[in-house]
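# Overview (structure and organization)
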Amino acid sequence: MAATDLLHLHRPFFLLLLLLLFSARASAIGVNYGTLGNNLPPPNVVANFLKTKTTIDRVKIFDANPDILRGFANSGIALTITVANGDIPALVNLPAAQSWVNSNVKPFYPATNINRILVGNEILHSLDQHLIDNLVPAMKTLHLALVLAGISRIQVSTAHSLGILLKSQPPSMGRFRPGWDTGVLKPMLDFHRQTKSAFVVNPYPYFSYGPKTVNYAQFKRNRGYRDRVTGLTYFNMFDQLMDAVYSSMKALGYADVPICVGETGWPSVANPGQVGVSVQDAAAYNGNLLRHVSSKKGTPLMPNRRFETYIFALFNENQKPGPPAEQNFGLFQPDFTPVYDIGIMRQAGGGPGRPGGGGGGGSPRPGGGKKWCVPRGDATDAALQKNIDYVCSLGVDCKPIQAGGACYQPNNIKAHAGFVMNSYYQTHGRQDFNCDFAHTGVVTAVDPSTGGCRYA
């Protein structure tokens with residue numbers, strides 16, 4: 001039988017196989033969800049958007065915000081949460097670690113799919129010796145607290161900047177900084193090996209490139225960089241940085257420990273005149289990164305390895321301190337308009353879109369042109385309660401948010417306010433000013449309906 005005939009007979013199988021392979025590729029990327037903005041949508045709306053409109057299936061946050069933990073309940077999205085840096089010394093003590101688990105994990109898990117807890121963020125980079133000395137003991141104690149609570153599927157780790165490296169060139173000679181290597185990182189890597197958890201690093205080619213290395217940093221065509229020791233040639237800076245981390249781990253005897261990319265990204269706006277920063281540059285880096293880490297190609301020293309990877313960031317955040325670039329790392333504007341397309345938007349049929357390599361915001365807005373009114377992320381419960389009282393006094397139907405109503409759950413002020421504020425917006429003209437509510441409301445193009453609670 002000819003090969004073409006065989007393919008014809010088994011075409012449904014091959015189509016299904018291709019679909020499964022593409023779906024696996026599409027879900028290889030996560031995103032960092034920062035909240036330093038005064039115009040961000042509420043967490044439950046964010047979770048619904050990610051689940052229904054994108055192929056992103058994992059999210060990392062920089063705290064253990066209970067509103068986010070509640071908002072992501074029953075979404076299936078894997079959530080990495082973070083212990084505040086200042087809480088680390090206390091967590092060396094088991095009762096304090098158990099108290100942290102009781103307050104920040106047990107009320108939400110497993111409805112919220114918490115998959116990892118990071119103990120602080122870039123602690124070694126902070127140079128705070130008190131935090132550094134307590135980091136590994138706190139990780140071990142927090143892990144024990146999870147085990148004692150009967151929770152075995154949540155990893156414990158911490159995120160590192162690449163300031164932990166003494167050298168990264170050539171990649172095969174990458175080494176951790178003396179003092180940190182055997183004093184902190186070796187016992188930490190031993191902990192990761194024993195608990196089968198990932199070593200989390202934040203490689204940012206953006207912070208290492210120059211005018212002559214833009215293409216190398218953004219996975220574009222370039223002459224490559226040759227490691228004089230191994231003879232291997234690198235064609236992107238991401239692989240070079242990852243292999244420098246791997247070589248540093250291998251030098252301590254821990255090449256087998258998995259590596260997770262906690263943060264990496266590229267801004268779409270920077271100071272005037274900065275070479276290599278534009279919407280097209282950001283789309284090129286993040287789009288090429290998505291294709292690279294989804295391909296399972298790995299790196300020259302780690303072939304066929306696939307890295308759990310989190311792009312920084314989900315939203316542009318208008319209150320993030322620093323230069324303009326810091327406010328413009330987002331894949332999306334706060335109203336969910338894509339800043340650019342890298343192929344993570346689902347099409348009308350629910351499948352992933354074709355990865356884009358550039359462009360500037362040409363993707364269709366979610367929601368088919370419809371709009372809803374929801375509370376702003378920084379709105380206080382007191383202000384939202386006033387909105388509920390005001391709207392319900394006007395005769396708007398508030399029965400759905402009362403006990404037994406379709407929108408009673410989740411039973412919190414922000415969710416109830418969202419429903420009644422939208423009801424007012426939809427019945428009073430659907431103009432943006434109808435959603436102002438003393439600067440506590442924001443218009444969104446993403447349907448905030450969940451379960452049986454349908455927003456007008």
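Note that the structure is a prediction, hence the values are computed from the model and not measured.

Scoring rules and cut-offs
Residues numbered from 1 in each chain as written. Predicted model: local features only at pLDDT ≥ 70, side-chain atom pairs only at ≥ 80, totals over all residues. Heavy atoms only, no water. Helix = DSSP H or I, 4+ residues; strand = E, 2+ residues; numbered from the N terminus. Expected span 1.5 Å × (residues − 1). Bend = angle between axes of the 7 residues up to and from the residue. Buried < 20%, exposed > 50% of the residue type's maximum accessible area, 1.4 Å probe, protein only. Contact = heavy atoms within 4.5 Å. Polar contact = N/O pair within 3.5 Å; in protein donor to acceptor, adjacent residues only side chain to side chain. Disulfide = S-S within 2.5 Å. Axes fitted to C-alpha atoms, helices over the stretch in contact; angles between N-to-C directions. Parallel < 35°, antiparallel > 145°, perpendicular 65-115°, else oblique. Left-handed = near helix turned anticlockwise from the far one by under 90°. Nonpolar A, V, L, I, M, F, W, Y, C, P; charged D, E, K, R; others polar. Pairing = 2+ DSSP bridges. pLDDT = per-residue confidence, 0-100.

This paragraph deals with helix 7 (residues 129–148). Within an α-helix, residues lying three or four positions from one another point in the same direction, as the helix has 3.6 residues per turn. Taking 1.5 Å as the rise per residue, helix 7 with 20 residues should run 28 Å; its terminal C-alpha atoms sit 29 Å apart, in good agreement. Approximately 40 degrees is the largest bend angle found in helix 7, and it occurs at Leu 135, with the proline Pro 137 only one to four residues beyond. Among all positions of helix 7, only Leu 131, Ile 132, Asn 134, Leu 135, Val 136, Ala 138, Met 139, Thr 141, Leu 142, Ala 145 and Leu 146 are buried. As for helix 7, its buried residues are in contact with strand 3 (78–83), helix 5 (94–104), strand 4 (114–121), helix 6 (123–126), strand 5 (155–161) and helix 8 (180–195). Measuring from the side-chain oxygen of the N-cap residue of helix 7 to the backbone nitrogen of His 130 gives 3.1 Å; that N-cap residue is Asp 128.

For the rest of this paragraph, the subject is the state of the cysteines. Counting across every chain of the model gives 3 disulfides. The disulfide partner of Cys 373 is Cys 435, and the gap between their sulfur atoms is 2.0 Å. On the sign convention where negative is left-handed, the bridge of Cys 373 and Cys 435, at about 85 degrees about the S-S bond, is right-handed. Placement of Cys 373 in strand 13 (residues 372–375) and of Cys 435 in the loop between helix 13 (413–427) and strand 14 (441–444) is noted, with a sequence separation of 62 residues between them. Judged on exposure class, the residue Cys 373 and its partner Cys 435 are both buried. Put simply, Cys 392 and Cys 398 are joined by a disulfide, and their sulfur atoms are 2.0 Å apart. When the S-S torsion is -110 degrees, as for the bridge of Cys 392 with Cys 398, the disulfide is left-handed. For the chain, the disulfide bridges join cysteines in the arrangement 1-5, 2-3, 4-6, where the cysteines are counted in sequence order.

Moving on: the packing of helix 5 against helix 7. Two elements in contact, helix 5 and helix 7, have axes whose closest approach is 8 Å; the angle formed by their N-to-C orientations is 60 degrees. Taken together, the axis directions place helix 5 and helix 7 in an arrangement best described as oblique. Helix-helix and strand crossings are classified by hand; for helix 5 and helix 7 the assignment is right-handed. Of the residues in helix 7, those in contact with Leu 94, Ala 97, Gln 98, Trp 100 and Val 101 of helix 5 are Thr 141, Leu 142, Leu 144, Ala 145, Leu 146 and Leu 148. Here the residues of the contact of helix 5 with helix 7 sort into 9 nonpolar, 2 polar and no charged.

What follows is about the sheet that holds strand 12 (residues 309–312). The 8 strands lie next to each other as 1-2-3-4-5-8-11-12, forming a closed barrel whose pairing is parallel. Pairs of neighbouring strands in the sheet enclose a mean axial angle of 25 degrees, with direction left out of account. In this sheet, strand 3 lies alongside strand 2 (residues 58–60) in parallel orientation, the contact comprising 3 bridges. Note on strand 3: the bridge partner recorded for Lys 60 is Thr 80. Helix 8 rests against strand 5 and strand 8 (199–202) of the sheet, and its axis sits at about 145 degrees to strand 5.

Let us now look at the confidence of the model for the chain. Looking at the chain as a whole, the pLDDT averages 88, with 89% of positions reaching at least 70. Note on residues 1–27: pLDDT is under 50 here. Beyond four places in sequence and across chains, it has 14 contacts. Here residues 354–367 is modelled with pLDDT under 50, and outside its nearest four sequence neighbours on either side it reaches 39 contacts, counting other chains as well.

Of the two faces of strand 13, the one carrying Trp 372 and Val 374 and the one carrying Cys 373 and Pro 375 are both buried. The pairing of strand 13 with strand 14 spans 4 bridges and is classified as antiparallel. Its bridge partner lying in strand 14, Cys 373 is registered against Val 443.

On to the side chain of Asn 286, then. Here Asn 286 lies in helix 11 (residues 279–294). For Asn 286, the residues in contact, after removing those within four places along its chain, are Thr 264, Gly 265, Trp 266, Ile 311, Leu 331, Tyr 340 and Ile 342.

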